[in-house]
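Descriptive structure summary
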Amino acid sequence: MNAEPSHAHAASGERSPSADPHWSVTFPSGVESLAATRERVRQHLHRSAVDDAVIYAIDFALEELAGNTLRYGYEAGDEGVIRVEIALAPSLVQLTITDDARPFDPTLHPEPNRPQTLGDAQIGGHGISMVRRLVRAMRYRQEAGRNRLEVDVARAPRC
Amino acid sequence: MELVIQEQSKALTRLALKGRLDTVSVDRIETRVNAALAGGTHGIIDLSEVTFLASLGIRLLLNAAKMLDRRGYKLVLVAPQPVIEQALRHTSLDELIPVAPDVDAALALLRS
């Protein structure tokens, strides 16, 4: 499996990604591929002068949401394709994740229980809840048989 | 992600995690963290140089605390950066695993 993501738009080499308000990358399903893609996304956002807190939120959402798709969305041995798009606007950064995994709407995922003791604490189920804390909005729909998830992260107003 | 074993005595195991605690790094270090904490002592994990904490990192910390709790020992987390502290608070992990500002405060919590 190729761990290096392939660029759909950003790697033309003729135009700085920082100048492009719409940037995307497609990568094969795999944890190492996701890690490499997250690095590319962080680099793009840094070059685009996006604040560190916004970069953290986008990176976190990508880790958790695309990570869930990799862990639970594909059968063993499946080789899926995940597309990540970043759109920069003055007031927000929008992350769009499109994949061909089994349908899953994370916006409907319930909040985990608040445990009273270590023994009661559930091990998993925190990721989507943690994403909700960091982002302004999440929207899910199915489009041509693919999952499409849009995540808005607010940018701090510039003085 | 780097795991540093800072102290392993008869009474205490003190570890430090450094870097990004995400899917790839948790896969690489979780077994080593659990092995380091399995010696029958209280545990301290210094988080001061952790810059990213994903849900799998929360799982790693929770698993470690549960393992120690089952054996009658405590885990204390030390000096998380603000963004990490927010994640601990949001997941209520800070209500289950004590968080101390420094090692001396962590030792005091373990003695109490």
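A brief look at the structure comes next. (Residues numbered from 1 in each chain as written. Chains lettered and ligands numbered in written order. Predicted model: local features only at pLDDT ≥ 70, side-chain atom pairs only at ≥ 80, totals over all residues.)

Turning next to the overall build of chain B. Broken down by element type, chain B carries 5 helices and 5 strands. Reading the secondary structure of chain B in the N-to-C direction produces β-β-α-β-α-β-α-α-β-α. For chain B, whose C-alpha radius of gyration is 12 Å, the value lies close to the compact-globule estimate of 13 Å for 112 residues. Dimensions of chain B, computed from C-alpha atoms along their principal axes, come out at roughly 30 × 25 × 25 Å. Buried residues in chain B amount to 43% of all 112 residues. Long-range contacts, defined as pairs at least 24 residues apart, comprise 70% of the intrachain contacts of chain B with a sequence gap of at least 6. (Helix = DSSP H or I, 4+ residues; strand = E, 2+ residues; numbered from the N terminus. Rg over C-alpha atoms; globule rule 2.2 N^0.38 Å. Buried ≥ 20, exposed ≤ 12 C-beta atoms within 10 Å, placed from the backbone. Contact = placed C-beta atoms within 7 Å.)

On to the overall build of chain A. In terms of regular secondary structure, chain A is built from 3 helices and 6 strands. In sequence order, chain A lays out its α and β elements as β-β-α-α-β-β-α-β-β. Out of the 159 residues in chain A, the part that is buried amounts to 30%. In chain A, 64% of the contacts between residues at least 6 apart in sequence involve partners at least 24 apart.

The next thing to look at is the interface of chain A and chain B. On the side of chain B, 18 residues touch chain A, which itself brings 18 residues to the contact. Counting only elements with at least two residues in the side of chain A that touches chain B, the list comes to α1 (31-47), α2 (52-72) and α3 (127-134) of chain A. At 5 residues, α2 of chain A tops the list of elements feeding residues into the side of chain A that touches chain B.

What tends to happen in soluble globular proteins is that the nonpolar side chains get buried as a cluster. Within the largest apolar cluster, 61 residues are counted, with the highest numbers of intra-cluster contacts made by Ile58 and Ala61 of chain A together with Leu61 of chain B. In terms of residue count, helix α2 (residues 55-70) of chain B provides more of this core than any other element does, 8 residues in total. Not counting residues within four places of it along the chain, the set of residues in contact with Ile58 of chain A comprises Val41, Leu45, Val93, Leu95 and Val153 of chain A. (Core = buried A, V, L, I, M, F, W, Y, C linked by C-beta atoms within 7 Å.)

Bringing helix α1 (residues 23-36) of chain B into the picture now. In this model, α1 of chain B (14 residues) spans 20 Å end to end at C-alpha, consistent with the 20 Å of a helix rising 1.5 Å per residue. Maximal helix bending in α1 of chain B amounts to about 45 degrees, located at Ile29 of chain B. When α1 of chain B is considered as a whole, its buried residues turn out to be Thr23, Val24, Ser25, Ile29 and Val33 of chain B. Where α1 of chain B is buried, its residues meet α1 and α2 of chain A together with β1 (2-8), β2 (12-21) and α2 of chain B. (Expected span 1.5 Å × (residues − 1). Bend = angle between axes of the 7 residues up to and from the residue.)

Residues and elements named next belong to chain B. Its location among the elements puts Ile5 in strand β1. Linking Ile5 and Ala106, residues 101 residues apart in sequence, is a C-alpha distance of 16 Å. Those residues within four positions of Ile5 in sequence are excluded, and the remaining contacts are Leu15 and Ala36.

What follows is about unusual backbone geometry. In this structure, Ala144 of chain A is a non-glycine residue whose phi angle is positive, near 55 degrees. Inspection of the secondary structure puts Ala144 of chain A in the loop between β5 (137-143) and β6 (146-154). By C-beta crowding, Ala144 of chain A is classed as exposed, having 7 other C-beta atoms within 10 Å. Of note in the backbone geometry, Ala79 of chain B takes a positive phi value of approximately 55 degrees without being a glycine. Here Ala79 of chain B is to be found in the loop between β4 (75-78) and α3 (82-90).

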